[in-house]
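# A structural walkthrough
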Amino acid sequence: KDADKEVRQTATWRLERIRDSRAVEPLFATALGDKDEYTRICTARALGEQGDLRAVSPLLRLLREKKEGRSFRAELGLPLGKLRSPEANGELLRLLSDPSEPEDVRAGAARGLAIAGDRRTIEPLNAILKSSHGGPKLRVGAVDAVAALDGKAGAPLLTKIAVNKSEHGLVRFWAARHLVDLTDGAVDDARIVEALLGIGEVSGQTGTGEEQNLEAM
């Protein structure tokens, strides 16, 4: 309740690292409605870490509210995924499959479902990646989720994306990066190495710069 938003942000950030059921109700009763968006994002993350299912309903209510900012709604996928609620997973799956939703919100839903380990997500993820639709934010989110959910079984699709020069450089980069992780670095396909090294060709920046560009899109 402090007037200084940085104090409020710090308080919710600390609660993210301290599991205490007594903190849950004040978080969604007060901090989740804070006028500062980053405080609200920190609050949502803290609720996800607390693991208390009482947080599902208030988080879902905000996720469904399209008047909320896109960046805030996109952040709700991970905490909801960490709560592993069937109701939350169902709503995230609906969002992922809804082309009318902003791509960053859909990407957040994909990452949340991956955290939840919901394998129903694999089919819509594959459909997204096998099509030519969706911008880089959505496609990178889908690549991340396929790697997390499908592991080595998803390697053929990730390889196809990594070597496809018509893909956005960031999508190729993250597909290649996950392939390196899945194979413990045993990648001998020069095209995958090219995807890792060639990311700077998209805008003349390093991979880190490209990731920042994607966040700003």
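Residues numbered from 1 in each chain as written. Predicted model: local features only at pLDDT ≥ 70, side-chain atom pairs only at ≥ 80, totals over all residues. Heavy atoms only, no water.

## Describing the packing of helix 8 (residues 103–116) against helix 10 (residues 136–150)
Formally: Axis angles are defined between N-to-C directions and span 0 to 180 degrees, where every axis is a line fitted to C-alpha atoms and, for a helix, only to the segment in contact. Helix and strand labels come from DSSP, where a helix needs a run of H or I of at least four residues and a strand needs a run of E of at least two; each type is numbered from the N terminus. Roughly parallel means an angle under 35 degrees; roughly antiparallel, over 145; roughly perpendicular, 65 to 115; everything else is oblique. In this analysis, two residues are considered to be in contact whenever any of their non-hydrogen atoms come within 4.5 Å of each other. The classification used treats Ala, Val, Leu, Ile, Met, Phe, Trp, Tyr, Cys and Pro as nonpolar, Asp, Glu, Lys and Arg as charged, and all other residues, Gly among them, as polar.
As a packed pair, helix 8 and helix 10 sit with axes 8 Å apart at the nearest point and diverge in direction by 5°. It follows that helix 8 is roughly parallel to helix 10 by the angle criterion. Residue-level inspection shows Glu103, Asp104, Arg106, Ala107, Ala110, Arg111, Leu113 and Ala114 of helix 8 in contact with helix 10, the latter providing Pro136, Lys137, Leu138, Val140, Gly141, Asp144, Ala145, Ala148 and Leu149. Grouping the amino acids of the contact of helix 8 with helix 10 by side-chain chemistry returns 10 nonpolar, one polar and six charged.

## Section: the packing of aromatic side chains
For the record, the criterion: Geometry of aromatic contacts follows a simple scheme: Phe, Tyr and Trp rings, the Trp one being its six-membered ring, pair when their centres are within 6.5 Å, and the pair is stacked under 30 degrees between planes, edge-to-face over 60, tilted otherwise. Only protein chains enter the area calculation, which uses a 1.4 Å probe; residues under 20% of their type maximum are buried, those over 50% are exposed, and those in between are partly exposed. By definition, being over a ring means that NZ of Lys or CZ of Arg is both within 6 Å of the ring centre and within 35 degrees of the ring normal.
Counted according to the given criterion, the structure contains one aromatic pair. Plain terms: the ring middles of Phe173 and Trp174 are 5.0 Å apart, the flat faces sit at 85° to each other, and that makes the pair edge-to-face. Exposure class is identical for Phe173 and Trp174. Each is buried. Positioned above the aromatic ring of Phe72 is the side chain of Arg40, whose terminal nitrogen or guanidinium carbon lies 4.3 Å from the ring centre.

## Some details on unusual backbone geometry
Even without being glycine, Arg84 reaches a positive phi, approximately 50°. Mapped onto the elements of the fold, Arg84 is located in the loop between helix 6 (77–83) and helix 7 (86–96). Unlike most non-glycine residues, Asp184 shows phi in positive territory, near 55°. Tracing the sequence through the fold places Asp184 in the loop between helix 12 (169–182) and helix 13 (190–197). What makes Asp184 exposed here is its relative accessible area of 72%.

## Considering the pattern of salt bridges
Heads up, the condition is: The salt bridge criterion pairs a side-chain nitrogen of Lys or Arg with a carboxyl oxygen of Asp or Glu, the two atoms within 4 Å.
Throughout the structure, instances matching the rule amount to 18 salt bridges. Across the salt bridge formed by Lys66 and Glu101, the nearest N and O atoms sit 3.6 Å from each other. Of this pair, Lys66 sits in the loop between helix 4 (56–64) and helix 5 (70–75) while Glu101 sits in the loop between helix 7 and helix 8, and the two are 35 residues apart along the sequence. With relative accessibility at 5%, the residue Glu101 sits in the buried group. Between Glu101 and Arg73 there is a salt bridge, with its nearest N and O atoms 3.1 Å apart. Here Glu101 is found in the loop between helix 7 and helix 8, whereas its partner Arg73 is found in helix 5, with 28 residues between them in sequence. Both residues of the pair, Glu101 and Arg73, belong to the buried class.

## With respect to helix 10
Because the α-helix completes a turn every 3.6 residues, residues three or four places apart line up on one side. So the rule is basically this: Expected span of a helix, by definition, is 1.5 Å for each gap between consecutive residues, and there is one gap fewer than residues.
Between its first and last C-alpha, helix 10 extends 20 Å over 15 residues, near the 21 Å set by a 1.5 Å rise per residue. Counting buried positions along helix 10 yields 14 of 15 residues, so the element is predominantly enclosed. Of the residues trailing helix 10, Gly151 is marked for its positive phi of about 55°.

## Thoughts on the nonpolar core
Definition in use: As used in this record, nonpolar core signifies buried Ala, Val, Leu, Ile, Met, Phe, Trp, Tyr and Cys residues forming a set joined through side-chain atoms within 4.5 Å.
In this structure, Leu59, Leu76, Leu80, Leu96, Leu125, Val143 and Leu158 are the most contacted members of the largest nonpolar core, which totals 52 residues. Setting aside its immediate chain neighbours within four residues, Leu76 contacts Ala44, Leu59, Leu62 and Leu63.

## Some remarks on the confidence of the model for the protein
The predicted coordinates of low-pLDDT regions are not to be read in fine detail. The criterion, for reference: pLDDT expresses how confident the predictor is about each individual residue, on a scale running from 0 to 100.
In the predicted model, the protein carries a mean pLDDT of 83, and 77% of its residues have values of at least 70. In the model, residues 200–213 has pLDDT below 50 throughout and makes 15 contacts with residues more than four positions away in sequence or in other chains.

## What about the environment of Glu68?
Mapped onto the secondary structure, Glu68 falls in the loop between helix 4 and helix 5. Measuring from C-alpha to C-alpha, the distance between Glu68 and Glu37 comes to 9.7 Å, with 31 residues separating the pair along the chain. Setting aside its immediate chain neighbours within four residues, Glu68 contacts Arg40, Leu62 and Arg73.

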